[in-house]
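This is what each chain is made of:
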Amino acid sequence: MIAKEEITIKVPSEVAQAYRNATEEEREQIEARIAVLLKSSMTSKLEAIAKLRQTMDEIGFRAAQRGLTPEILESILNDDE
């Protein structure tokens, strides 16, 4: 079984009241939906970060293939012109 932890979120008063008035089964369904929503959001961000890293690695690899060295890059970055 997956360990569960309690969190606190702010919602409009009528939403909080409806949650408090819900049956145990309804509250469990709501909690499951919120968990899926948050997990989906987190996964999307992690996937975006992974894609960015992959793109940066590809750019670096192609630049190195074309002769860009760390010294040349530093010279370009330090060029005040």
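Everything here concerns the structure above.
Notes on the structure follow. As the structure is a prediction and not an experimental result, all values here were calculated from the model.

## With respect to helix α2 (residues 24-65)
Working step 1: Spanning 42 residues, α2 covers 61 Å between terminal C-alpha atoms, matching the ideal 62 Å at 1.5 Å per step.
Working step 2: Downstream of α2 by a residue or two, G67 has a phi angle that is positive, lying close to 100 degrees.

## Some thoughts on the side chain of R27
Working step 1: Its place among the elements puts R27 in helix α2.
Working step 2: Separated by 2.9 Å, the side chains of R27 and E24 make a polar contact.
Working step 3: Apart from the residues lying within four places of it in its own chain, the contact partners of R27 are Y19, R20 and A22.

## Some points on the environment of E31
Working step 1: Topologically, E31 is positioned in helix α2.
Working step 2: The partly exposed category is assigned to E31, whose relative accessible area is 40%.
Working step 3: For the pair E31 and R20, spaced eleven residues apart in sequence, the C-alpha separation works out to 12 Å.

## Concerning the environment of D79
Working step 1: In this structure, D79 sits in the segment after α3 (70-78).
Working step 2: Taking the C-alpha atoms as reference points, D79 and L52, separated by 27 residues in sequence, lie 26 Å from one another.

## Section: the pattern of salt bridges
Working step 1: If you walk through the whole model with that rule in mind, you get one salt bridge.
Working step 2: Here R27 and E24 are joined by a salt bridge, their closest N and O atoms 2.9 Å apart. Here R27 and its partner E24 are both found in helix α2, three residues apart, which amounts to about one turn of the helix.

## Some thoughts on a negative patch on the surface
Working step 1: Together, E6, E25, E26, E28 and E31 make up a negatively charged patch on the protein surface.
Working step 2: If you trace the backbone, E26 turns up in helix α2.
Working step 3: On the basis of relative accessibility, which here comes to 39%, the residue E26 falls in the partly exposed class.

## Section: a nonpolar patch on the surface
Working step 1: A cluster of nonpolar side chains, I7, I9, V11, V15, I30, I34 and L38, forms an exposed patch at the surface whose accessible area comes to about 590 Å².
Working step 2: Of the residues forming the nonpolar patch, the biggest block, three residues, is contributed by α2.
Working step 3: Relative to the assigned elements, I9 resides in the segment before α1 (13-21).

Rules used throughout
Residues numbered from 1 in each chain as written. Predicted model: local features only at pLDDT ≥ 70, side-chain atom pairs only at ≥ 80, totals over all residues. Heavy atoms only, no water. Helix = DSSP H or I, 4+ residues; strand = E, 2+ residues; numbered from the N terminus. Expected span 1.5 Å × (residues − 1). Polar contact = N/O pair within 3.5 Å; in protein donor to acceptor, adjacent residues only side chain to side chain. Contact = heavy atoms within 4.5 Å. Buried < 20%, exposed > 50% of the residue type's maximum accessible area, 1.4 Å probe, protein only. Salt bridge = Lys/Arg side-chain N within 4 Å of Asp/Glu carboxyl O. Patch = residues over 30% accessible without salt bridge, like charges linked within 9 Å, V, L, I, M, F, W, Y side chains within 5 Å. Areas by Shrake-Rupley, 256 points an atom, 1.4 Å probe, with all protein chains shown as cover. Lys, Arg positive; Asp, Glu negative; His and termini not counted. Charge placed at Lys NZ, Arg CZ, Asp CG, Glu CD.

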